[in-house]
Amino acid sequence: MDGERYQFWIPGQPEGKKSVVTFIDTATGKRRGANPTRAYMKRCAAYALANMPMAKVFDCPVLFELLIVMERPKRLLPKHWPEGGCAELCSDYESALWCDEKPDGSNVRKGVEDAFKAHWKDDCRVVAGDTRKIYAEAGWEPGVLVTFQELGRHCPQELIDTVRPYSAPRQR
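In this text the structure is predicted, and so the values were computed from the model without any measurement. (Residues numbered from 1 in each chain as written. Predicted model: local features only at pLDDT ≥ 70, side-chain atom pairs only at ≥ 80, totals over all residues. Heavy atoms only, no water.)

Draft legend 1. Focus on helix α3 (residues 105-115). Of all the residues in α3, the buried ones are G105, V108, R109, G111, V112, E113 and A115. In this structure, the buried residues of α3 make contact with α1 (38-51), β4 (62-70), β6 (126-128), β7 (131-135) and β8 (143-150). (Buried < 20%, exposed > 50% of the residue type's maximum accessible area, 1.4 Å probe, protein only. Helix = DSSP H or I, 4+ residues; strand = E, 2+ residues; numbered from the N terminus. Contact = heavy atoms within 4.5 Å.)

Shown next, in the form of structure tokens:
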């Protein structure tokens, strides 16, 4: 049986998780690391704490979905509202578009997942969920719509039915 569903918005331009940059501290001679996405991950964690029960820790299979809404670049915004004879441009201006540019959706997902580590014992608990990335509609704010849901122990039979034509029982 599926559990309660949590959904909330993290405002602001999404950032992909970047590798930690290491350097040698000249004062101590020790290796240090700087996480370039630390501030973004802290902001994500703050929104998680504000929108989910404090004591809620998922110790079961979890659905984790992201809808990443990127700021629309200026090249996709006409300088003036188009007039007559350009219906295609008008519809592009007014609707959401798929975003197929950086940052990678998987890197944004990694950063947000890591920011939510207070809500699960291990991120291996995430067993399902999509990551979709679009441009915001003209004039709308960017951000990330996050959805969590506890899942039951048993996956849907349709998943097993999908795999069966490609898999076979092990030979002993």
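Structure's up, so let's keep going.
Draft legend 2. Expanded view of the packing of aromatic side chains. Tallied over the entire structure, the rule returns four aromatic pairs. Members of the aromatic cluster, each reached through a chain of ring pairs, are F8, F64, F116 and F148. (Phe/Tyr/Trp six-rings, centres within 6.5 Å; stacked < 30°, edge-to-face > 60°.)

Draft legend 3. Representation of the nonpolar core within the structure. In terms of nonpolar packing, the biggest core is built from 25 residues, with F8, F64, V112, F116, W120, V146 and F148 touching the most fellow members. Secondary structure elements with two or more residues in this core: β1 (5-11), α1, β4, α3 and β8. At five residues, the largest contribution of residues to this core is made by β4. Apart from the residues within four sequence positions on either side, F8 is in contact with Y47, A48, N51, M52, F116, V144, L145, V146 and F148. (Core = buried A, V, L, I, M, F, W, Y, C linked by side-chain atoms within 4.5 Å.)

Draft legend 4. Structural context of the side chain of E65. As for its placement among the helices and strands, E65 is situated in strand β4. Classification of E65 by relative accessible area gives buried; the value is 17%.

Draft legend 5. A look at the pairing of β1. Alternating positions in β1 separate cleanly, Y6, F8 and I10 being buried on one face and R5, Q7, W9 and P11 remaining unburied on the opposite face. Bridge count between β1 and β8: seven bridges; the pairing is antiparallel. Residue R5 lies in a different strand from β8, and its bridge partner there is Q149. (Pairing = 2+ DSSP bridges.)

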